[in-house]
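The primary structure of each chain is shown beneath.
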Amino acid sequence: MTRDSAGEPGADDGDSVVYDLAPDCTAEDVEQGHPYLSEINGIVDYGVFVDLSDSVSGLVHESVLTGTYGVGDELVVELESVRENGDMAFEPVDIDEYELEEVGHDYSLTGTHRLESNLGEQIHVEGEVTQVKQTGGPTIFHVADENGVVPCAAFEEAGVRAYPTIEVGDIVRVTGMPEHREGSVQIEVDGLSKLEGEDADEARERLDEALEARAEPHDVAPLIDWPAFEKLRPNIEEVARLLRRTVLEGRPIRVRHHADGDGMCAAVPVQIALERFIADVHEDEDAPRHLIKRLPAKAPFYEMEDATRDLNFALEDREKHGQQLPLLLMLDNGSTAEDVPAYETLAHYDIPIVAIDHHHPDPEAVGDLLDAHVNPYLHDEDYRITTGMLCVELARMIYPNLTDELRHIPAVAGLSDRSKADAMDDYVELAADEGYDEDRLQDVSEALDYAAFWLRYNSGDQLIQDLLELDSDDEARHRELVTFFADRAREEVDEQLEAAMPHLEHETLDNGAHLYRIDVENYAHRFTYPAPGKTTGEIHDRKIEETGDPVITVGYGPDFAVLRSDGVRLDIPTMVSELEAEIAGGGVSGGGHLVVGSIKFVSGKREEVIDALVEKMAEADIDEALSSAAPIDD
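Note that this is a predicted model, so its numbers are computed, not measured.

Structural notes on the overall build of the chain
Line of reasoning, step 1. The helix and strand inventory of the chain stands at 17 helices and 26 strands.
Line of reasoning, step 2. What you see for the chain is a C-alpha radius of gyration of 34 Å, clearly larger than the 26 Å of a compact globule of 634 residues, by over 25%.
Line of reasoning, step 3. Its C-alpha atoms give the chain principal-axis dimensions of roughly 115 × 55 × 45 Å.
Line of reasoning, step 4. For the chain, the residues scored as buried account for 54% of the 634 residues in total.
Line of reasoning, step 5. Of the contacts formed within the chain by residues at least 6 apart in sequence, a portion of 68% connects residues at least 24 apart.

Some remarks on the sheet that holds strand S20 (residues 514-519)
Backbone hydrogen bonds are what pair the strands of a sheet, in a parallel or an antiparallel way.
Line of reasoning, step 1. Here we have 6 strands laid out as an open sheet, ordered S19-S20-S21-S22-S25-S24, and mixed in their pairing. The sheet terminates laterally at strand S19 (505-508) and strand S24 (589-592), the two strands that pair on one side only. Neighbouring strand axes in the sheet, compared pairwise and without regard to direction, differ in orientation by 15° on average.
Line of reasoning, step 2. For S20 and strand S21 (residues 551-556), the ladder comprises 6 bridges, and the chain directions are parallel. Residue pairing in the sheet places Asp519 in a bridge with Tyr556 of S21.
Line of reasoning, step 3. Strands in contact with helix H17 (residues 606-619) are S20, S21, strand S22 (560-566) and strand S25 (596-600); relative to S20, the strand with the most contacts, it is inclined by about 160°.

Some details on the sheet that holds strand S12 (residues 171-181)
Line of reasoning, step 1. The strand order around the closed barrel built from 5 strands is S9-S10-S11-S13-S12, with neighbouring strands paired in mixed fashion. Within the sheet, the average angular offset between the axes of one strand and its neighbour, ignoring direction, is 55°.
Line of reasoning, step 2. Looking at chain direction, strand S11 (residues 149-154) and strand S13 (residues 184-194) are connected through 2 bridges and run parallel. Residue pairing across strands places Cys152 opposite Ile187, the latter belonging to S13.

A word on the pattern of salt bridges
Line of reasoning, step 1. The full count for this structure, using the stated rule, is 46 salt bridges.
Line of reasoning, step 2. One salt bridge in this structure joins Arg206 and Glu126, with 3.1 Å as the shortest N-O distance. Of the two residues, Arg206 is situated in helix H1 (residues 197-215) and Glu126 in strand S9 (residues 123-134); the sequence distance between them amounts to 80 residues.
Line of reasoning, step 3. Of the residues examined, Arg206 reaches a relative accessible area of 30% and is grouped as partly exposed.
Line of reasoning, step 4. Look at Glu126 and you get buried, because its relative accessible area is 10%.
Line of reasoning, step 5. The closest approach of N and O atoms between Asp449 and Lys534, which form a salt bridge, is 3.8 Å. Highlighted residues: Asp449 in helix H12 (residues 438-455) and Lys534 in helix H15 (residues 532-547), separated in sequence by 85 residues.

Definitions and cut-offs
- Residues numbered from 1 in each chain as written.
- Predicted model: local features only at pLDDT ≥ 70, side-chain atom pairs only at ≥ 80, totals over all residues.
- Heavy atoms only, no water.
- Helix = DSSP H or I, 4+ residues; strand = E, 2+ residues; numbered from the N terminus.
- Rg over C-alpha atoms; globule rule 2.2 N^0.38 Å.
- Buried < 20%, exposed > 50% of the residue type's maximum accessible area, 1.4 Å probe, protein only.
- Contact = heavy atoms within 4.5 Å.
- Pairing = 2+ DSSP bridges.
- Axes fitted to C-alpha atoms, helices over the stretch in contact; angles between N-to-C directions.
- Salt bridge = Lys/Arg side-chain N within 4 Å of Asp/Glu carboxyl O.

Structure, rendered in structure tokens:
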């Protein structure tokens, strides 16, 4: 722009340049002998005060002034002197016409990884706002740069929102001093401004490139050589990349997992890996507690009760604490059409969903609702690759320093789900090298199942970590606790079966398989361990050992049935679909693995549903090589 000395637009003859400081420029940006555009902000007897930027101001003495001036008038000035106390004196410059040239502040940015070495010094940080939390005192802005996330405290007055135009997702520049606050480093804000236009675009591009590089999962060799796992490895890497990026962006993660041994062997290692990565990324020492939550689920699918509860908590956290809506990570669950209503509920909000599961999937139903989906069936494998096995590798890709703590977990997961995978021998051998023989592994599996039953909807973080000997340095307590829980579990199973076995019904099907039925509603203890699914599974295992023949076991109640099969080529997901179509008004739903599953129906149709189910079982082919690989999902 060209102006004359009165501040009006004029002809651009290119003779003179006057510099216009950006609002965030400091005294360091003012050079001797350069003319600058200023604005008069005050008039006194001995001169006028002028502003060159938000933080650069000074006096033009009356001895060098001619004419009259008013507040708000523009005046071209040069720096005359700077006193020892920092006060600046200017003198007017007589320029008839000039071209304005904007001057931006040349910031030397300090990364969040260098805050400790700059304590008490003024620094500048550029990043994206990931959370805005209003406290009873300052407003806390969480800002993520290329290196981490730091809380920045800005004070307007007690309980009043500072910088009210700044929102989550904005790219900002923070000026302030890093200080220790309650064990964490926090920036005390002197100034905070939103970047616009090219400045914002350049900063966002720089941040995206850096975050993409940091989100890259670690290239770790699998714990064992297993060709079947290699098919799924790229999908696991994709999830690891997504989860690491989510942490770097300051977004919460909610882990929903099936509340059984395999589900916990899947969820707990991932939880610990994410907690440690969050601690590395965030300056706030409380960040792991706020940004990752593990939530067990009793049903073998994502129930609407759980979904609406999760959504409500997420919306409350956004309103009260300024958090972003979370990413939902479904483990050992989440692959079937039964999950769809809950997923569709979350689809109304910005909540990404990832599922890692080994139950028989319905990819057409859930495909468009998931941001990532890992399941061995999608790669011509099956349930013998358990979710716990997959998630141990996922945890190592997120945080490889966990590896030595996790070597026994895949074997526990496999035993919990009775996996007959070719890799089980290698996993058991790997665990043995860590001091876990098969008896100890089986005890841990039983203890996990027992604890999960009594914890119900509580994650039991420390208890489960002690049972798995993860993030714990008390081996003696671990062994005593596992032994106690495993012994209690076996005693209570024996008590349950002592009551139930006399009421077991037996018949031989047309295909030669033994069918055992038990009314677990009337002939087993209710509301205690073991649950109906576990009771059915224990009866089934005893009959397999007793007969050595193909066996199907059905435990049923008023509106449900749980199924186990060995040596019979069942396809439970397909059978459920057929029953749903064939029995009008039956309300049939369910699923699971091919030879392990559960079915729900309306109580008035129980006899018709179970009779039709038995007919389908009698038509199934016998396959001595086929055996059940997982416990019943309660």
